[in-house]
Amino acid sequence: MKRFSIVLASVALVVAACTPTPGGTPASGTPAASEGPTRGGTLIFAMWQEPTTLAPPYLNQTIAGLVSQVAVEGLTRTDTDGKYQPLLAKSVPDINNGGVKLSADGKKMDVTYELLSGVTWSDGNPFTSADVKFTWENRMKDPKVVNRAGYDQIESIDTPNDTTAVMHFKSVYAPYPVLFPFLLAKHIAEKEADLSKSDYNQRPLGTGPFKFTEFVAGDHITAERNPNYRDKTKPYLDKIIFKSVPASEVAIAQLKAGEVQAMWNILESQTPDLEKESAIKLVITPSPSVERVELNTAANKDMTDPTSVHPVLGDVAMRKALVWATPKQQLVDKLLFGKAKPGASGYSQGWAKYTGPPQDGYDPKKANDELDKAGWVKGSDGIRSKGGVRASLTITSTTGNKTREQVEQVLSDEYKQIGVELKIQNQPSSVFLSGSWSAGDPRKRGTFDLNMYATSPDIDPHTHIFTRFHSSQIPSAANSGLGNNYTRLRSPDVDKAIDDGGATLDLEKRKAAYNTAVKGINDAYVIIWLYERASIDAFRTNVGGWQGNVWDNITWNSGDWYLKK
Amino acid sequence: MATLRSSRVLARGVALPASSYRERGQWRMAFERFLEHRLAVAGIVVLALLALLSAFAPLLSPYNPEKTNLLLIFESPSPSHPMGTDSLGRDLATRILYGGRVSLSVGVLAIAVAITLGTLIGGIAGFYGRWIDAVLMRVVDMMLSFPRLFLLILFGVFFKGMTLGVIVIVLGLLSWMPTSRLVRATFLSLKNRDFVEAARSIGARNRDIIARHILPNSLAPIIVAATLGVAGAIITESTLSFLGLGIQPPTPSWGNMLKDATSEMNQAPWTAIFPGLFIFLAVVSINFIGDGLRDALDPRHVTKRI
Amino acid sequence: MTTYVLRRLIQAVPLLLGITVVSFAILKAIPGGPMAAYEGNPNITDADIRRLEHALGLDQPVHIQYLSWLTAFLTGDWGYSYSSHRAVLTEIMERFPKTVYLMGTVYVVTLLVAIPIGILTAVRQYSWFDHIVTGTTFAFLSTPTFWLGLLLIIVFGLQLRLLPLGGMATLGTDFDILDRVRHLILPVATLSLVGIGRYVRFLRASMLETLTQDYLRTARAKGLGERIVVARHALKNASIPLVTVAALDLPELFVGALVTEQIFGWPGMGRLYWDAATRSDYPVIMGFLAVAASLIILANLAADVFYAYLDPRIRYA
């Protein structure tokens, strides 16, 4: 027995000694000029969540988009300042350069895209406007497509020649530039009877700097240099391998050991540890995602009574007090290690960003005074009540999210100081975020007092702000749970401002309208903007060329990445 | 030696009227044998200590286990905080004490449920045999065919995060099967033994046979299995918490404290060391106790010195 | 015996059916659903969610959903994953060999190490060897698997840089057997150490029980060498409880150790199940269950058959 163990141990040591040290295979060839990207090498990118599918019509997870982007491109992209940039199109069409033409009655519009010429898919076939048209047709026909918002506003697409696509919209759809972020290869996709069951899901064809060669579920996805890429000097890397590492502690260990050279979506609590490592650089990019606490102003589950008012949260004094009792800066400093900003509004980035006065700050004394004034009397247990109603609330968020759990505990403590009892009742994200009336998502059903989660608007905020704050978007039994107005806000002023924002193509007018709407939302005290998160990724210092982008994934410029010697 | 042993066998096998002296003697001898097992005794001491500390937690600690203090996060161990503070500024030692209540009771209660169920079902199956056995064993098969974690996860979702009571019941319901197989096997092999035949031949009723002959002889594996089961239940609770499905914060349990700590290990190792240490201590103690019990309760063990 | 086995196999069919019904019922009873995955997407409207629910057949009444699943399943169509849209059978078949590769190694290593040690500790009860083994096995037994795995990764992978920190092989390089072995060491160690502990304790206990039996005294009195006494007589009887435990562990060979696979990033069945469960991917969950349940039923049958073979006192009608 002992002999066996000794043998085992020695085999292990021998084996360990025989293998070269792990690390991104360094670039071969050119001795390093200290500047300038070197060509070659394999970069291993750790992801703690893995994409289930990469095919454009079914993309839903952030990580799926991130991985797809190294190979599949679209007509336009958004740069870090929130401006649209052309990618496969020659320029971004708008009303000033004639790319967008309104109809005579101003109710419809045509958008013309001039495409780059000479572009080929990674298999050598030419990229043409037929691919654009096919992408749209597939969107509308395929029942498994994830969303059709915007595409359903296109009546038809003409392709007068290989490099021109004219889209005829049946309405004035302002967010048109964000459509077509990923294009389908017609010559491959049209051959499949059911795209969702084909290999296209694992290795979609693209025009980008890399092409997918391997998809081993649960293990890794390999993307190799696309020899047919239109820029012959790029990409610098030979390969990017996306490695699936489900336990983020292990991924961090791998990053430190050099087994992987990059990692996606680092938690704020992991940053102090990584900042101490000289071989690792953190990329901290502000993001449009805002963590918020929504206050349910209605009492009725299922909203059977459209005028229903929450017994505790219906009182605006209570809502004000809750806002004033939230220590946002402390949360940011202590729980997020300073890697976020206290929330001022839900729309913090981009051309439509809110520039008005931020939401009120932390002032527990003011909160206590307000509640005293409003007639909420503290009981013997320290909890207030008014008119027989006890100030006891529950907060619901997702299980398994440590930062959220910590925030809830802090809030529970803080609210107790002002005489409000807060009980924590979390649910797994498959329930709480299911977004489905039939599946019982509490936000839809109204079976919550406070909820907490994060969401981010698109670069064009209209859909987001409309579905979340317009009074027509309150989910109820009557409309089968349509809409995301979870706070059940019913404000005619906010409604008008939102409608104004969606009715014109003038960006300045829209920005002003949205700003008015957000001010109205803040003044109604129906939502607490907790903090604006940053997206944090990490690279080892021997990787160069990456750049953060507020509106896009870190892989947006994967063609520029290189490994230093 | 030989005569003593065989006389014990004889005494056990014949259905003499219950003699209280003999009963006491048997268990007392087991007790004395147990005391010879030093590790088991150490285990009892440690476990008793842990249990007492947890039970008297409010008296022992001035801190509130759930009160957060963002100004004091990740304090390393000091006189005012002997085990340091965690990521929300709470005193770790206090949380360990209160957490002990949760973790230890989950273990004990869940197994109590499991053992009761398992003994009942396994005993009935083993004793009566034939179609009862077949049906019950199919039930066992069905329960065993569900991957345990699968059901635990689903129940976690169904009950919106599990409270102590729910975990105890669910764990108990999912853990009785091995006991039932054990008991059934013991009953199956014992019911055909000579001493049972002897008892039957003098007209003893089934009830008496089970209670007086079979059950006492099958107690040993049940007790041992129960003890080890408690250890296993404590570990299962910590694994569930690692997956985010166990006892939900802010209520501390050693398991969920360990889970939070795994990502903080480099910054604040004490947040991981102490919960892990306590789980380890509790489980090791229980295992030693189980081992001691096994040695003590089977008289045939100790006399073996060839 | 053959009639017994046949009868058990026939009984297995309604058992499996019952299991699928119960599982399906539990899945449907739970609030939530596969649509949760789409929530974070700001562009999705309710119309989209309803359309997707219809495309996946989720708006049908529950019993219709079950029946359509069952009929498809019996004809070999195990359905398609809600998240990856790939065939469930493909998903399972992809992970299956990797799990067997890992768990098989664990199983073999555990038994190879535990059986000799277990026998030795029983034969040399209370010796120093026994004490050391007792101490170490208890230590490993008392550690949660995930804890042990994480510690091993940090010590051997990060601090000492001796072994890789997870995965099946070094990515980006060609197949290399030595590389594969290096990647196996830590996960196998994590699972085996705990398993060895269990088996050693078990074997020691049952060996001790048999070693004192009268018939062994007879064998020794006959002048048979101790080794034969132990090997032929004691071991055969002591192995009965061992066989139960070993057989009950067999299904894990295929179902995988969920937590270990998570930590070591092993692309096996355990991971598949966890991803499916958290995403409410019903077809994958049902397919996985069908496989797991069948294997467990077969394993139990095997254990019972072995029982009868090893212990002639047990007779099955």
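Residues numbered from 1 in each chain as written. Chains lettered and ligands numbered in written order. Predicted model: local features only at pLDDT ≥ 70, side-chain atom pairs only at ≥ 80, totals over all residues.

1. As for the overall build of chain C
Argument step 1. Helix and strand content of chain C: 12 helices and 0 strands.
Argument step 2. What you see in chain C, going N to C, is helices and strands ordered as α-α-α-α-α-α-α-α-α-α-α-α.
Argument step 3. Across its three principal directions, the C-alpha atoms of chain C cover 85 × 60 × 35 Å.
Argument step 4. Residue burial in chain C is summarised as follows: out of 317 residues, 50% are buried.
Argument step 5. Pairs at least 24 residues apart make up 72% of the contacts formed inside chain C by residues separated by at least 6 positions. (Helix = DSSP H or I, 4+ residues; strand = E, 2+ residues; numbered from the N terminus. Buried ≥ 20, exposed ≤ 12 C-beta atoms within 10 Å, placed from the backbone. Contact = placed C-beta atoms within 7 Å.)

2. As for the overall build of chain A
Argument step 1. Scanning chain A from N- to C-terminus turns up 15 helices and 22 strands.
Argument step 2. Taking 24 Å as the expected radius of gyration for a compact globule of 565 residues, we find that chain A reaches 26 Å, a close match to that expectation.
Argument step 3. Each principal axis of the C-alpha distribution contributes one length, and for chain A these read about 85 × 80 × 45 Å.
Argument step 4. By residue count, 52% of the 565 residues in chain A fall in the buried class.
Argument step 5. Considering only intrachain contacts with a sequence separation of at least 6, the fraction spanning at least 24 residues in chain A is 68%. (Rg over C-alpha atoms; globule rule 2.2 N^0.38 Å.)

3. Topic: the sheet that holds strand 6 (residues 154–161) of chain A
Hydrogen bonds between backbone groups are what pair the strands of a sheet, and the pairing can be parallel or antiparallel.
Residue and element names in this part refer to chain A.
Argument step 1. The 4 strands lie next to each other as 4-5-7-6, forming an open sheet whose pairing is antiparallel. Where the open sheet ends on each side, the last strands, each with one partner, are strand 4 (100–102) and strand 6. The sheet shows a mean angle of 20° between the axes of neighbouring strands, direction not considered.
Argument step 2. Pairing of strand 4 with strand 5 (residues 109–114), which is carried by 3 bridges, proceeds in the antiparallel orientation. Looking at strand 5, one finds that Val-100 is bridged to Val-111.
Argument step 3. Of the strands in this sheet, strand 6 and strand 7 (164–169) are in contact with helix 3 (residues 129–141), which crosses strand 6 at around 165°. (Pairing = 2+ DSSP bridges. Axes fitted to C-alpha atoms, helices over the stretch in contact; angles between N-to-C directions.)

4. As for the packing of helix 6 (residues 145–159) of chain C against helix 7 (residues 177–211) of chain C
All names here are of chain C.
Argument step 1. Across the interface, helix 6 lies against helix 7 with an axial gap of 9 Å and an inter-helix angle of 140°. Relative to helix 7, the element helix 6 is oriented oblique. Pair helix 6 / helix 7 crosses with right-handed handedness. For the pair formed by helix 6 and helix 7, the contact residues are Thr-145, Leu-148, Gly-149, Leu-152, Ile-153 and Phe-156 on the first element and Leu-186, Ala-189, Thr-190, Leu-191, Leu-193 and Val-194 on the second.
Argument step 2. Classifying every residue of the contact of helix 6 with helix 7 gives 9 nonpolar, 3 polar and no charged. (Parallel < 35°, antiparallel > 145°, perpendicular 65-115°, else oblique. Left-handed = near helix turned anticlockwise from the far one by under 90°. Nonpolar A, V, L, I, M, F, W, Y, C, P; charged D, E, K, R; others polar.)

5. What about helix 8 (residues 164–190) of chain B?
Along an α-helix, residues three or four apart share an orientation, since each turn contains 3.6 residues.
Argument step 1. An ideal rise of 1.5 Å per residue puts 39 Å on 27 residues; helix 8 of chain B measures up with 38 Å between its terminal C-alpha atoms.
Argument step 2. For helix 8 of chain B, the principal kink sits at Trp176(B) and spans about 35°; a proline, Pro178(B), occurs within the next four residues. (Expected span 1.5 Å × (residues − 1). Bend = angle between axes of the 7 residues up to and from the residue.)

6. Section: the environment of Ile44(A)
Residue and element names in this part refer to chain A.
Argument step 1. You can see Ile-44 is positioned in strand 1 (residues 42–47).
Argument step 2. Here Ile-44 falls in the buried class, since 26 other C-beta atoms lie within 10 Å of it.
Argument step 3. When the C-alpha positions of Ile-44 and Lys-243 are compared, they lie 6.6 Å apart, and in sequence the two are 199 residues distant.

7. What about the confidence of the model for chain C?
Argument step 1. Residues at a pLDDT of 70 or more form 92% of chain C, whose mean pLDDT is 81.
Argument step 2. The complex prediction reports pTM at 0.80, with the ipTM value standing at 0.80. (pLDDT = per-residue confidence, 0-100.)

8. Here we look at the pairing of strand 20 (residues 527–540) of chain A
Residue and element names in this part refer to chain A.
Argument step 1. With 14 of 14 residues buried, strand 20 lies mostly within the body of the structure.
Argument step 2. Pairing of strand 11 (residues 262–263) with strand 20, which is carried by 2 bridges, proceeds in the antiparallel orientation. In the sheet register, Met-263 faces strand 20, and the bridge partner there is Ala-538.
Argument step 3. Both strand 13 (residues 340–342) and strand 20 contribute to a ladder of 3 bridges, which runs antiparallel. Bridge pairing in strand 20 links Lys-341 to Glu-532.

9. Digging into the environment of Gln330(A)
Argument step 1. Its location among the elements puts Gln330(A) in helix 8 (residues 328–335).
Argument step 2. Considering only alpha carbons, one finds Gln330(A) and Val410(A), 80 residues apart in sequence, at a separation of 9.8 Å.

10. Some words on the pairing of strand 19 (residues 450–455) of chain A
All names here are of chain A.
Argument step 1. Examined bridge by bridge, strand 12 (residues 280–295) and strand 19 share 6 bridges and lie antiparallel to one another. In the sheet register, Glu-291 faces strand 19, and the bridge partner there is Ala-454.
Argument step 2. When strand 17 (residues 392–396) meets strand 19, the two strands line up parallel, connected through 2 bridges. What sits directly across from Thr-396, in strand 19, is Asn-451.

11. What about helix 7 of chain C?
Argument step 1. An ideal rise of 1.5 Å per residue puts 51 Å on 35 residues; helix 7 of chain C reaches only 43 Å between its terminal C-alpha atoms.
Argument step 2. Along its length, helix 7 of chain C shows its largest kink, about 35°, at Val188(C).

12. Overview of the packing of helix 11 (residues 269–278) of chain C against helix 12 (residues 282–310) of chain C
All names here are of chain C.
Argument step 1. Following both chains from N to C, one finds helix 11 and helix 12 inclined at 140°, their axes separated by 8 Å at the closest point. The angle between helix 11 and helix 12 places the two elements in the oblique class. The interaxial crossing formed by helix 11 with helix 12 has left-handed handedness. Taken together, the residues of helix 12 that come into contact with helix 11 (itself represented by Leu-272, Tyr-273, Ala-276 and Ala-277) are Val-284, Ile-285 and Phe-288.
Argument step 2. Across the contact of helix 11 with helix 12, the residue classes tally to 7 nonpolar, no polar and no charged.

13. Section: the confidence of the model for chain A
Residue and element names in this part refer to chain A.
Argument step 1. Of the residues in chain A, 92% reach a pLDDT of 70 or more, and the chain-wide mean stands at 85.
Argument step 2. Per-element averaging of pLDDT across chain A places helix 1 (residues 2–18) at the bottom with 46 and strand 11 at the top with 94.
Argument step 3. Low pLDDT, under 50, characterises residues 1–34; the stretch is placed with 46 contacts to residues that sit more than four places away or in other chains.

14. Re the sheet that holds strand 14 (residues 377–378) of chain A
All names here are of chain A.
Argument step 1. Strands sit in the order 14-15-16 across an open sheet of 3 strands; the sheet is antiparallel. Each edge of the sheet is formed by a strand with only one pairing partner; in this case those strands are strand 14 and strand 16 (389–390).
Argument step 2. Sheet topology places strand 14 next to strand 15 (residues 384–386); 2 bridges connect them, and they run antiparallel. When the bridges of strand 15 are listed, Val-377 appears paired with Ser-385.

15. A look at unusual backbone geometry
Argument step 1. In this structure, Pro235(A) follows Lys234(A) across a cis peptide bond, with omega equal to 0°.
Argument step 2. Here Pro235(A) lies in the loop between strand 9 (220–225) and strand 10 (239–244).
Argument step 3. At His85(C), a position not held by glycine, the phi torsion is positive, near 60°.

16. Quick word on the environment of Ile96(B)
All names here are of chain B.
Argument step 1. Mapped onto the secondary structure, Ile-96 falls in helix 5 (residues 92–128).
Argument step 2. Linking Ile-96 and Leu-190, residues 94 residues apart in sequence, is a C-alpha distance of 45 Å.
Argument step 3. Setting aside anything within four residues of it in sequence, one finds Ile-96 in contact with Met-83, Phe-274, Pro-275 and Phe-278.

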